[in-house]
Amino acid sequence: MTVLLWLYNDTDADGDTILARHPMGFPEGYKLGEFYDDNDNEIGFVTNFVNPGTYTVKYYVMDSSQEMNGIQYTIDVLPVGDYTEYVGNLSSADAVDTYTIPIDYATMSTAAVTFIQSGETDMYAYLKDQNGNHVAYLHTNNSRARRWTLIDKPDDVNGIYNYTLTISVYNKDFHEDSSGYKIAFGDKNDVEEMLSYIDGSVILGKYKDADKTYDCRTGYTPNDFESYFKITADGASTITALTGYQELRFKVLDAETLITLYDSEQDDTAHRGMESRDYVEKQRLGFTAGKEYYLVLYANSPISVGFVEHSITLSQGMGRLKGGYKDFTATSSITAGTSGYSPSATIPVSNAPKTAEVECVDFISTDGVNLSDLASFRVKPQYGLSVWRSSVAGQFCLKFPYTPDGNSNTPVNGNWSFGFKTALKTKTMKPVICIYYRYEYGD
């Protein structure tokens, strides 16, 4: 993060009035705003270059005669740490790229080598020492596109020690226009920074529950820096991050301007509390189909000192689903015999997760009435165009049609009707059912 204050120093040789000032040439999202003096006069503007790189800042002024003039500056923003980066692309399914990784053990006791798959091509990086001995395998794919390894200083080495890193396509899964990667190496204390920034962004595809496609696991939690993911939207999407730390937040940037469009830090409804030993940071957002965005993970305050090697499960697309079940009891007792179904009992259901949808409904033994006493039981929700669904004798659970993220699933919450008939003799009970459902994490 590099914050700069730019003060105006405008003069006009003709004495004309300055009508407009135009800072430009750099990402619009890096302009924090105008700067004013104590009398509310605009006297400059403020920029924040979040990512390392070379930036051009152009400044144009137009006067009341429609005359315009300007100046430009070049700004080099450097990383905080002292490490080396290589960026490349595999040229074919059979290509092998080879790099020498010189580590200066005179300046560090433990080195870090990071490898990032920036495209869709799954890759395989093999690290060897200068004697040809195996050091590490760094395999990347769409679920784990960032990898790293730490290397302790070899005995009797106090200067430069050369390693060799070879990179190839994994399992011939080559995408010609999406085969980029980034390598970084240096002191282990800089490992998080090596994995960070916009030039280390990775693709986050659309999550589908059926095959866990693009079920991303980060391998670490951002602490001092930000972690970038690239999204190509096809409409509204649910962002879900399951994390071990309640400090985690996410924001969405326009990929062209880097303007922040959404920040979960400013949205209390995105902090869903803890579930299954993870904090859930989640929100459903509207995206423009076909447009590219950056999803950025960050901590709103320091989690600890140094690298936090605790993975986050991250997804965008449909909500991340989880199974659950609860028992629900009718408001009154009903009586049935063998000749037909009983009158209906109402079973109110209001405390299931709000996105819960039914997979199956089970009868729970109650008031001395067991499943073996029933010839059949039937249920239906009391809304819409619902129809009765009936069991056969001895059926344990009455299944409902269910498709992950489907449009025709049956919501759990609401009043339900229950009826039954017996196998041998008349029975009276206050019915209890167990509804098995799936719902989105955080709901």
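Heads up: these notes are all about the structure in this document. (Residues numbered from 1 in each chain as written. Predicted model: local features only at pLDDT ≥ 70, side-chain atom pairs only at ≥ 80, totals over all residues. Heavy atoms only, no water.)

### A look at the packing of aromatic side chains
Definition in use: Stacked, tilted and edge-to-face are the three classes applied to pairs of Phe, Tyr and Trp rings, where Trp contributes its six-membered ring and a pair requires centres within 6.5 Å; stacked means planes under 30 degrees apart, edge-to-face means over 60, and tilted covers the rest. As a reminder, the over-ring test applies to NZ of lysine and CZ of arginine, requiring each to be within 6 Å of the ring centre and within 35 degrees of the ring normal.
Evaluated as defined, the whole model comprises 30 aromatic pairs. Directly above the ring of Tyr8 sits Arg21, whose terminal nitrogen or CZ lies 4.4 Å from the centroid. The ring of Tyr298 carries Lys251 above its face, with NZ or CZ at 5.3 Å from the centroid.

### Some words on unusual backbone geometry
Threshold: Secondary structure elements follow DSSP: runs of H or I of four or more residues count as helices, runs of E of two or more count as strands, with numbering from the N terminus.
One non-glycine residue with positive phi stands out, namely Asn171, at about 55 degrees. Even without being glycine, Asp405 reaches a positive phi, approximately 65 degrees. Tracing the sequence through the fold places Asp405 in the loop between β31 (397-399) and β32 (414-422).

### Quick word on the state of the cysteines
Where two cysteines share a covalent bond between their sulfur atoms, that bond is called a disulfide. What counts here: In plain terms, two cysteine sulfur atoms within 2.5 Å form what is called a disulfide here. Each residue is placed in one exposure class: buried if its accessible area under a 1.4 Å probe, protein chains only, is under 20% of its type's maximum, exposed if it is over 50%, and partly exposed if it falls in between.
For the structure on display, the rule yields 1 disulfide. Covalent S-S linkage joins Cys360 and Cys397, the inter-sulfur distance amounting to 2.3 Å. Looking down the S-S bond of the Cys360 and Cys397 bridge, the torsion is 80 degrees, so its handedness is right-handed. Here Cys360, found in strand β28 (residues 357-364), pairs with Cys397, found in strand β31; they are 37 residues apart in sequence, far enough to count as distant. Taken individually, Cys360 and Cys397 each receive the classification buried, so the pair is uniform in this respect.

### Brief notes about the side chain of Asp254
Inclusion rule: Side-chain atoms alone can form a polar contact between residues adjacent in sequence; in general such a contact is a pair of N or O atoms within 3.5 Å, and within protein one must be able to donate a hydrogen while the other accepts it. It only takes one pair of heavy atoms within 4.5 Å for two residues to be counted as in contact.
Checked against the element boundaries, Asp254 lands in strand β19 (residues 248-254). There is a polar contact of 2.8 Å between the side chain of Asp254 and the backbone nitrogen of Glu256. When near neighbours in sequence (up to four residues on either side) are disregarded, Asp254 contacts Ile259, Leu261, Lys291, Glu292 and Tyr293.

### Some thoughts on the environment of Arg217
Among the structural elements, Arg217 can be located in strand β16 (residues 216-217). By relative accessible area, Arg217 is classed as partly exposed at 39%. C-alpha of Arg217 to C-alpha of Arg144: the two residues are 73 residues apart in sequence and 5.7 Å apart in space. Apart from residues lying up to four places away in sequence, Arg217 is in contact with Ser143, Arg144, Ser311, Ile312, Thr313 and Arg320.

### Regarding the sheet that holds β19
Formally: Note: two strands are recorded as paired if DSSP finds a minimum of 2 bridges between them.
Strand order across the open sheet formed by 5 strands is β15-β17-β23-β19-β20, with mixed pairing between neighbours. The strands lining the two open edges of the sheet, one partner per strand, are β15 (202-203) and β20 (260-263). Bridge analysis of β15 against strand β17 (residues 227-232) gives 2 bridges, and the strand direction is parallel. Note that in β17 the partner of Ile203 across the bridge is Lys230.

### What about the pairing of strand β8 (residues 96-104)?
Burial of β8 is one-sided: the residues Asp97, Tyr99, Ile101 and Ile103 facing one way are buried, the residues Val96, Thr98, Thr100, Pro102 and Asp104 facing the other way are not. For β8 and strand β13 (residues 160-169), the ladder comprises 9 bridges, and the chain directions are antiparallel. Considered in β13, the bridge of Pro102 is made with Asn162.

### Looking at the pattern of salt bridges
Stated formally: Salt-bridge detection follows one rule: a side-chain nitrogen of Lys or Arg within 4 Å of a carboxyl oxygen of Asp or Glu.
Tallied over the entire structure, the rule returns 14 salt bridges. In this structure, Lys172 engages Asp94 in a salt bridge whose closest nitrogen and oxygen atoms are separated by 2.6 Å. Of the two residues, Lys172 sits in the loop between β13 and β14 (180-187) while Asp94 sits in the loop between β7 (84-89) and β8, which places them 78 residues apart along the sequence. By the burial criterion, Lys172 is exposed, and Asp94 matches it. The salt bridge partner of Lys282 is Glu440, with a shortest N-O separation of 2.7 Å. Here the residue Lys282 occupies a position in strand β22 (residues 278-285), and Glu440 occupies one in strand β34 (residues 432-440), the gap between them amounting to 158 residues. With a relative accessible area of 3%, Lys282 lands in the buried category.

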